[in-house]
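This is what each chain is made of:
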Amino acid sequence: MKMIKYIDGGVTAPKGFKANGIHCGIRKNKSKKDLALIYCEKECTAAGVYTQNLVCGAPVTLTKENLKDGKAQAIICNSGIANTCNADGMEKAVGMGKIAADALGISPENMVVASTGVIGQPLSLEPIQNGIDEIVKGLSENGSDSAAQAIMTTDTVKKEFAVSFELDGKECKIGAISKGSGMIHPNMATMLGFITTDCNISTEMLQKALEAAVSDSFNMLSVDGDTSTNDTVCVLASGLCENEYIDSENESFKAFAAALKDICISLARAMAKDGEGATKLVMCAVKGAKDKETAKKVAKSVICSALVKAAMFGSDANWGRVLCAMGYCGADIDVTKAGVSFKSAAGECEVCRMGAGIEFSEEIAKKVLSEDEITIDVTLMDGEAEACAYGCDLTYDYVKINGDYRT
């Protein structure tokens, strides 16, 4: 596999893209940006994956419709108000897209429209209309940082990455920003993710690569067991890398898909680590499963367990909770062959072998589990398949944050 290198630049690292983020007045706090814009100098091939919640935000419905032709040129997103469960939601989503499209001089059908924030509150278009000239004027090849900040809600840090890799002797880049630290649960649990690339690739292959990447990243992510109403991940490809056009699952497609998956996993890890109130990134790596689906079920069940999450917060090596979560996940596994270890930068502590507890040092286990990134290693000894899920610990602050989210 060709080498993937992480670089600076976020969504503006690929050729042809500019971005910006401003405070336009949707949010009361003037120190927080609340409107983001990503724009490409040319029409792009585009693909998207969306929430599976039946309560679906109007922006998601509009974006799905706009991307039916596999084309887009810009993304506009506000934070603070989700524009979901509003009688005039679609009218406002369409209006938001039109405001941006008119200012950019492009077709409204080429807009990706997204919103995030409180559900059920009406969205005023006035701040967006008043701020559109400023945000368009400020579009920059260095604007990814401000766009990443503008889509944040309860996030404490921005999620922004870019990678570089080679395709047909050309340097190809993928950039991405995302937001999400609460109301995040598989499947499609990104809250919002915007990806750009200068790869020259067909819509069909772009969609295939995105779905595969989401399957092993965002669909393996859980913070709190709640699937958002506004989840959207979309990718725009400018083609300006000038690699040979990818319209089949050839070696170039495999290289692109691998890079896309890598950056999506980085976003998923960042969102899990920044889960509301979280102090630790908790991962469950399952190996030795009879098939991929089994490995995924087990890994997801472990990181979704409230009892496991609470134990990780307390640095308590309560491995019985891990086996408990494995046992009710619905996968056909033989728990009597299972092994469990805890790993971190502080070392490794094996706690269970062949489905039974073994002697281990509570002191070492405490040290391992006191780090801010922990892996729960699960071995099933049923086959060769493996999977990894991404989550966080459950803290007092999670309840505090969500107890007064609206206020």
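**Remarks on the pairing of strand β8 (residues 192–197)**
Phase 1: Taken across its six residues, β8 has six buried, putting it largely inside the fold.
Phase 2: The alternating pattern of β8 places Leu192, Phe194 and Thr196 on one face and Gly193, Ile195 and Thr197 on the opposite face, and all of these are buried.
Phase 3: Two strands pair when backbone bridges link them, and strand β7 (residues 170–179) and β8 are joined in this way by six bridges, in the antiparallel orientation. For Lys179, the partnering residue across the bridge sits in β8 and is Leu192.
Phase 4: Pairing of β8 with strand β9 (residues 232–237), which is carried by six bridges, proceeds in the parallel orientation. Across the sheet, Phe194 pairs through a bridge with Cys234, a residue of β9.

**Digging into the pattern of salt bridges**
Once the charged atoms of two side chains with opposite charge are near each other, the side chains can pair.
Phase 1: The full count for this structure, using the stated rule, is 20 salt bridges.
Phase 2: For Asp88, the salt bridge is made with Lys92, and the minimal N-O distance between the two is 2.9 Å.
Phase 3: For Asp88, a relative accessible area of 23% corresponds to the partly exposed category.
Phase 4: For Lys92, a relative accessible area of 15% corresponds to the buried category.
Phase 5: Several salt bridges share partner residues, and in doing so they unite Asp216, Lys261, Lys292 and Lys296 into one network.

**So, the sheet that holds strand β15 (residues 385–392)**
Phase 1: The strand order across the open sheet formed by six strands is β13-β12-β11-β14-β10-β15, and the pairing between neighbours is mixed. The open sheet terminates on both sides in strands that have one partner only, identified here as β13 (356–357) and β15.
Phase 2: Where strand β12 (residues 347–353) lies against β13, two bridges are found, and the strand directions are antiparallel. By the bridge assignment for β13, Cys352 is matched with Gly357.
Phase 3: The sheet strands contacting helix α8 (residues 306–313) are β10 (281–289), β11 (339–344), β14 (373–379) and β15, and the helix crosses β14 at an angle near 135 degrees.

**Quick look at the packing of aromatic side chains**
Phase 1: Inspection of every chain in the model, using the stated rule, returns three aromatic pairs.
Phase 2: Centroid distance Tyr6 to Phe161: 6.2 Å. Interplanar angle 85 degrees. Geometry classified as edge-to-face. Taken together, the residues Tyr6 in strand β1 (residues 5–6) and Phe161 in strand β6 (residues 159–167) connect sequence positions 155 residues apart.
Phase 3: What makes Tyr6 partly exposed here is its relative accessible area of 35%.
Phase 4: Overall, Phe161 belongs to the partly exposed group, its relative accessible area being 23%.
Phase 5: Here the aromatic rings of Phe313 and Tyr396 are separated by 5.3 Å at their centres, their planes lie at 90 degrees, and the arrangement is edge-to-face. Taken together, the residues Phe313 in helix α8 and Tyr396 in helix α11 (residues 396–403) connect sequence positions 83 residues apart.
Phase 6: Assessed through its relative accessible area of 28%, Phe313 is described here as partly exposed.

Here is what the cut-offs are and how they apply
Residues numbered from 1 in each chain as written. Predicted model: local features only at pLDDT ≥ 70, side-chain atom pairs only at ≥ 80, totals over all residues. Heavy atoms only, no water. Buried < 20%, exposed > 50% of the residue type's maximum accessible area, 1.4 Å probe, protein only. Helix = DSSP H or I, 4+ residues; strand = E, 2+ residues; numbered from the N terminus. Pairing = 2+ DSSP bridges. Salt bridge = Lys/Arg side-chain N within 4 Å of Asp/Glu carboxyl O. Contact = heavy atoms within 4.5 Å. Axes fitted to C-alpha atoms, helices over the stretch in contact; angles between N-to-C directions. Phe/Tyr/Trp six-rings, centres within 6.5 Å; stacked < 30°, edge-to-face > 60°.

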